[in-house]
Amino acid sequence: MKKIVLFSLALLLFNCNSKAQKKESEKKIFTVVKTEKEWKSQLSDLEYSVLRKAGTEPRYSSPFNDNKLNGTYVCKACETPLFKSENKYDSGSGWPSFDRVINGNVEFSTDYDLGYKRTEEHCAICGGHLGHVFNDGPRETTGKRHCVNGVALKFVPEKE
Ligand SMILES: [Zn+2]
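Residue numbering note: each chain is counted from 1, following its sequence as written. Only residues with pLDDT of at least 70 are given local features in this predicted model, and only at 80 or more are side-chain atom pairs given and counted; all residues enter the totals for whole chains, interfaces and linings. Neither water nor hydrogens contribute to the side-chain values; these are computed over all heavy atoms in the structure.

Enquirer: Would you explain the sheet that holds strand β5 (residues 106–111) in this entry?
Expert: The strands making up a sheet are joined through hydrogen bonds of the backbone, oriented either antiparallel or parallel. The six strands lie next to each other as β3-β4-β8-β7-β6-β5, forming an open sheet whose pairing is antiparallel. The outermost strands of the open sheet, each flanked by one partner alone, are β3 (88–89) and β5. The sheet contact formed by strand β4 (residues 97–98) and strand β8 (residues 145–148) spans two bridges and is antiparallel. The partner of Phe98 across the bridge, within β8, is His146. We call two strands paired when DSSP finds no fewer than two bridges between them. Labels follow the DSSP assignment, with helices taken as runs of H or I lasting at least four residues and strands as runs of E lasting at least two, numbered in each case from the N terminus.

Enquirer: Got a minute to help me understand the layout of surface pockets in this structure?
Expert: Rolling a probe over the atoms, with the probe sized like a water molecule, indicates the empty space that remains. Cavity: a set of points on a 1 Å grid over the protein atoms alone where a 1.4 Å probe fits but cannot get out. Pocket: an open set with protein on both sides within 12 Å along at least five of seven lines, its lining residues, like those of a cavity, having an atom within 4 Å of a point. Grid points are joined across faces, edges and corners, and a volume is the space filled by probe spheres set on the points. Computed from the structure, the largest pocket encloses a volume of approximately 200 Å³. Around the largest pocket, the lining is made up of 15 residues, and of these Thr56, Trp95, Arg118, His132 and Cys147 lie nearest the centre. Secondary structure elements with two or more residues in the lining of the largest pocket: β7 (129–134) and β8. Tallying contributions element by element places β7 first for the lining of the largest pocket, with four residues. For this scheme, ten residues count as nonpolar: Ala, Val, Leu, Ile, Met, Phe, Trp, Tyr, Cys and Pro. Four count as charged, namely Asp, Glu, Lys and Arg, and the remainder, Gly too, count as polar. In terms of residue class, the lining of the largest pocket is made up of six nonpolar, six polar and three charged.

Written out as structure tokens, the structure reads:
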């Protein structure tokens, strides 16, 4: 009887252990990894709070809201191309908005920061937080609104 209990206990411990290990290996490791100190020295306070702490820039604060130039919006932290100007539209939300991302360079997760479910999006290369995705985008295209913090982006104009 004692043996069986010990055996079950061992099995239980083993199970817990293997679960913990699995969780660890599922953690995403980004291509660009820096310490908090390195990010702080590279980014402004607002950029750091948005990109590294999932903060939000003030509404209508981004000069990109009115940017009509052709080009590519890249990650402010690691310069990965994230959005194209041709997919930018005026959502009236007060944040730069796009109806799609550059596939493969943006990843998604779920957050409940405001008490309800939202789709968060971040740079696939450095993990920098960009904004959120909503389903009230242009109906004639994707129907998605990628609501992005301008400070998380850098604009690279198209070469003439
Ligand atoms: Zn990045």
